[in-house]
Each structure stands twice: as structure tokens, then as C-alpha cells.
Amino acid sequence: VKVATIVAKMGMSRGAFYKYFENIDDAFHYTLGQNAKVIRHDILYSIDDSDDNFFDGIENYLRWCTRLSRNSYYWQRLSLLTRSTAELAYREVQAIDVSSDFVKQVIAVIRKNQLNIDSDDEMISFLYFMLEMIISSLNDYIVNHWTTEQLLRDFGYRRKWLITNLEN
């Protein structure tokens, strides 16, 4: 994609684009970050709706994703992130705000689930590990044309492996 294509589709001037972004990579990373933020919050809401059960909330989020229309805007967000996990993980870890309400809520949920995690730093690292696992699961679902049941079975395996080790 070229800047000319983006500004034409958005109906903006080239100067306006460069007012907000240094280059196409900067715009791409900004877009990744904004989409990741929405998805992180939706995962947290799903955990909250599951009475703060961390893994049930993630499973419910994954199930919800399988019901999305492939033409929906949210599906496009997921597709973008499943193709960009390495860049997303690197950028987001560098920019995390440990005082944000989101991070505080996640730490509270992890503590409530009594996972064997010792510090806030370790919890944040675990959070990003889980986000990468969720995106990886969704990527497997998309690429392999899995059914909802196949996605949830695979997530169940990963959940079992993690819980077995986290509770010991």
C-alpha cells in the first residue's frame, strides 16, 4: 500500500497524512496499536462477563469471534492482528502503561484466579503471552478453516497445559 492510495481512499490530503504519521510504517503501527487496544479491552470484558474466570472469559471471547461475519469491521481487525503478531507484540510491550486501568483490572483478575504468578511485572508478561496465544489461536482458526469446536478444543489443550503448570 502506498500513501497515495491511503489518502485517496480516506479523502484527505497527503500533507494531512504526514501531519500525523512519519511514514507508512508509522501509520501501520498506529493502526495495529489502536486495533489491539480494542481487542484487549473486549477480552477483558469477556473475562468480566465470565465472573472474572480468566480462561473461561478467553474461551467465551474466542467463541464469540467465531460467530462474526467475515465481512464485519471487527473481523477485519482480527485479520490484521493475526497477520502482524510479532510487530504488535514488540511495539505494545515497549509502550505499556502499568498504571492504566486496563492493566490494573487484568492484575486483579489474575490474582482472583489464584494463578502462580509472583509479581506485577510477571503478570504483565503473562498478559502479553496470553494475548499472543489468543491471536495465534485465531490465526489457526482462520488459516485452517476450523470450526468453532476445533478452535475451542485446541484452546482447551493450551488452557490445560497452562493451568497444570500455573497451579503447581
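Coordinates for the structure precede this section.
Procedures and definitions
Within any chain, residue numbers begin from 1 and follow the written order of that chain's sequence. With pLDDT at 70 or above as the cut-off, local features in this predicted model cover only qualifying residues; side-chain atom pairs require 80 or more to be listed or tallied, and sums for whole chains, interfaces and linings still use all residues. Each side-chain value is derived from all of the structure's non-hydrogen atoms; neither hydrogens nor water enter the calculation. Any Lys or Arg side-chain nitrogen found within 4 Å of a carboxyl oxygen on Asp or Glu counts as a salt bridge. Where helices and strands are cited, they refer to DSSP runs of H or I of at least four residues and of E of at least two residues respectively, numbered from the N terminus. Each residue is assigned to one of three classes by its accessible area relative to the maximum for its type, calculated with a 1.4 Å probe on protein chains only: buried under 20%, partly exposed between the two thresholds, exposed over 50%. Nitrogen and oxygen atoms within 3.5 Å of one another constitute a polar contact, given that in protein one can donate a hydrogen and the other can accept it, and given that sequence-neighbouring residues count only through two side-chain atoms. In this analysis, two residues are considered to be in contact whenever any of their non-hydrogen atoms come within 4.5 Å of each other. Only centres within 6.5 Å qualify two rings of Phe, Tyr or Trp (six-membered ring in Trp) as a pair; their planes then separate them into stacked at under 30 degrees, edge-to-face at over 60, and tilted for everything else. A pocket, in this scheme, is an open set of points on a 1 Å grid over the protein atoms alone with protein on both sides within 12 Å along at least 5 of 7 lines, while a cavity is a set where a 1.4 Å probe fits but cannot get out; residues line either one if an atom lies within 4 Å of a point. Grid points are joined across faces, edges and corners, and a volume is the space filled by probe spheres set on the points. Polar here means any residue other than Ala, Val, Leu, Ile, Met, Phe, Trp, Tyr, Cys and Pro, which are nonpolar, and Asp, Glu, Lys and Arg, which are charged; Gly is therefore polar.

Caption draft 1: A look at the pattern of salt bridges. Per the counting criterion, the structure on display carries six salt bridges. A salt bridge links D52 to K112; the shortest N-O distance between them is 3.3 Å. One end of the pair, D52, is in the loop between α3 (24–49) and α4 (54–66); the other, K112, is in helix α7 (residues 101–112), with 60 residues separating them in the sequence. Residue R63 is joined to E59 by a salt bridge in which the shortest nitrogen-to-oxygen separation is 3.1 Å.

Caption draft 2: Main features of the side chain of T82. Considering the arrangement of structural elements, one finds T82 in helix α5 (residues 73–82). According to the relative accessible area criterion, T82 is buried, its value standing at 9%. Within polar-contact distance, the side chain of T82 engages the backbone oxygen of S79 at 3.0 Å. Among residues more than four places away in sequence, those in contact with T82 are I135, L138, N139 and I142.

Caption draft 3: Representation of the packing of aromatic side chains in the model. For the structure on display, the rule yields ten aromatic pairs. Aromatic side chains F54 and F126 sit 5.6 Å apart centroid to centroid with 35 degrees between the ring planes, which places their arrangement in the tilted category. You can see F54 sitting in helix α4 and its partner F126 sitting in helix α8 (residues 120–143), a full 72 residues away along the chain. There is no split in this pair, since F54 and F126 are both buried. Ring geometry for W64 against Y74: centres 4.8 Å apart, planes inclined by 80 degrees, an arrangement best described as edge-to-face. In this pair, W64 is assigned in helix α4 and Y74 in helix α5, connecting sequence segments ten residues apart.

Caption draft 4: Empty space enclosed by the protein, seen in detail. The full count for this structure, using the stated rule, is two cavities of 30 Å³ or more. For the second largest cavity, the full set of lining residues is R40, I43, L44, I47, F54, I58, F102, V106, L127, M130, L131 and I134. Counting residues per element, the ones that place at least two in the lining of the second largest cavity are α3, α4, α7 and α8. Partitioning the lining of the second largest cavity into residue classes produces eleven nonpolar, no polar and one charged.

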